[in-house]
Amino acid sequence: MKCSKALKTTLLAILVLNLVAVSHGRLRYNFYNGRCGQHNVEAIIQSIVKNSFTTDPKIVAGLLRLQFHDCAVNGCDASILLDGPDSEKTASPNLSVFGYDLIDQIKVVLEAVCPGVVSCSDIIIAATRDATVLAGSPPFQVQMGRRDSLVSLASNVNLPSPDISVSNAIQFFGSKGLNPFDMVLLLGAHTVGVCHCSVINDRLYNYMGTSEPDPSMNPSYMNVLRNHYCPMGQADNSYVYLDDPSSALSIDNNYYKQLMNNKGILPIDQALTHDGSTGWMVDLLANATDFPSLFTQALVKLGRVEVLTGRRGQIRRNCRRIN
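Cut-off values and rules
Residues numbered from 1 in each chain as written. Predicted model: local features only at pLDDT ≥ 70, side-chain atom pairs only at ≥ 80, totals over all residues. Heavy atoms only, no water. Helix = DSSP H or I, 4+ residues; strand = E, 2+ residues; numbered from the N terminus. Buried < 20%, exposed > 50% of the residue type's maximum accessible area, 1.4 Å probe, protein only. Lys, Arg positive; Asp, Glu negative; His and termini not counted. Salt bridge = Lys/Arg side-chain N within 4 Å of Asp/Glu carboxyl O. Polar contact = N/O pair within 3.5 Å; in protein donor to acceptor, adjacent residues only side chain to side chain. Contact = heavy atoms within 4.5 Å. UniProt positions renumbered as here; feature names shortened; annotations may be inferred.

1. A word on the side chain of Asp-148
Part 1: Topologically, Asp-148 is positioned in the loop between α5 (120–134) and α6 (166–175).
Part 2: Nearest to the buried, unbridged Asp-148 among oppositely charged side chains is Arg-316, at 4.6 Å.
Part 3: Looking at Asp-148, its side chain comes within polar contact range of the main-chain nitrogen of Arg-316, at 3.1 Å.
Part 4: Residues in contact with Asp-148, not counting those within four places in the same chain, are Asp-77, Ala-78, Ser-119, Cys-120, Ser-121, Leu-308, Gly-313, Gln-314, Ile-315 and Arg-316.

Below, the structure is given as structure tokens:
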């Protein structure tokens, strides 16, 4: 669906109104003010994230994925951080998740200045916020007051695969209280994402068992991927950016521009463009200058999914185990 400029503006305004999240009664802004003596909890988190980002900007992608993989399984409760032989960490979709060490580092510092006060789940949310801003989003606030889960089971992990259909993806996000526009915005996290070549080898070399590449992908881009990023027989740890490499470390709308040019890497990415229910959203965002601010609003909504507050859960002293 192609939209005129005026229609795009109108549709975007309507979608923004639907994007606004209802505040969770137990979460609030500046939750930790006065709870840690003279120490500023959010400033401590921000400083540590900034140091990590300076060393490795890919931490942005790591934290965004960590937050989604946590919140999308029984809510934003830091259950993904718990160690154990059958914990969420051990589930197949989580084996490539990273950022755990940074959360540990933040937790150690906060426990030293105000023990038993700041939850691991709040640390995930705040750290992801700070990394997102460092990658180019406008500053934004997140509410705090989450508590941490006592349970983490690999059997609870049922996350969307890279080749999920658009309709099934909409259904999954809907089960978390997120609408289709939230979904398309949150998939925009792929603007700073990477994936291992093994994930897309079938698209490049043997699509649907045809021994040919996926005909829906831009042919010139296909050749670039095959010749420079994911040549046949490459090492298992070879990876490709999910966005144009020139902006792969920045929160911007180039991801959607790539999709409009049939340069989506993951099957679900490209499917967004060709599905009637989401294609017009991709078109809108490919031409919207305010994607970064829209993305942060969707990220805030994600951070409110099924949170534990009040007396539910606990404040873990070590994010990797229950007290």
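Don't stop here, the text continues.
2. Digging into the UniProt feature "binding site: Ca(2+) 2" (unreviewed entry) in the protein chain
Part 1: Within the UniProt annotation, "binding site: Ca(2+) 2" (unreviewed entry) is assigned to Thr-191, Asp-244 and Asp-252. For this annotated set, covering 62 residues, all C-alpha atoms fall within 10.6 Å of each other, a compact arrangement in space.
Part 2: Along the chain, Thr-191 turns up in the loop between α7 (180–186) and β1 (194–196).
Part 3: Residue class for Thr-191 comes out buried when judged on its relative accessible area of 1%.
Part 4: When sequence neighbours within four positions are dropped, the list of residues in contact with Thr-191 reads Asp-243, Ser-247, Ala-248, Ser-250, Ile-251, Asp-252 and Tyr-255.
Part 5: Here Asp-252 is to be found in the loop between β2 (239–241) and α10 (254–260).
Part 6: Beyond its immediate sequence surroundings of up to four residues, Asp-252 is in contact with Thr-191, Asp-243, Ser-247 and Phe-291.
Part 7: Looking at Asp-252, its side chain comes within polar contact range of the side chain of Thr-191, at 3.1 Å.

3. Looking at the environment of His-39
Part 1: Counting through the fold element by element, His-39 comes out in the loop between α1 (5–19) and α2 (41–55).
Part 2: Sequence separation between His-39 and Leu-110 is 71 residues; the distance between their C-alpha atoms is 9.2 Å.
Part 3: Beyond its immediate stretch of four places on either side in the chain, His-39 contacts Ile-44 and Val-113.

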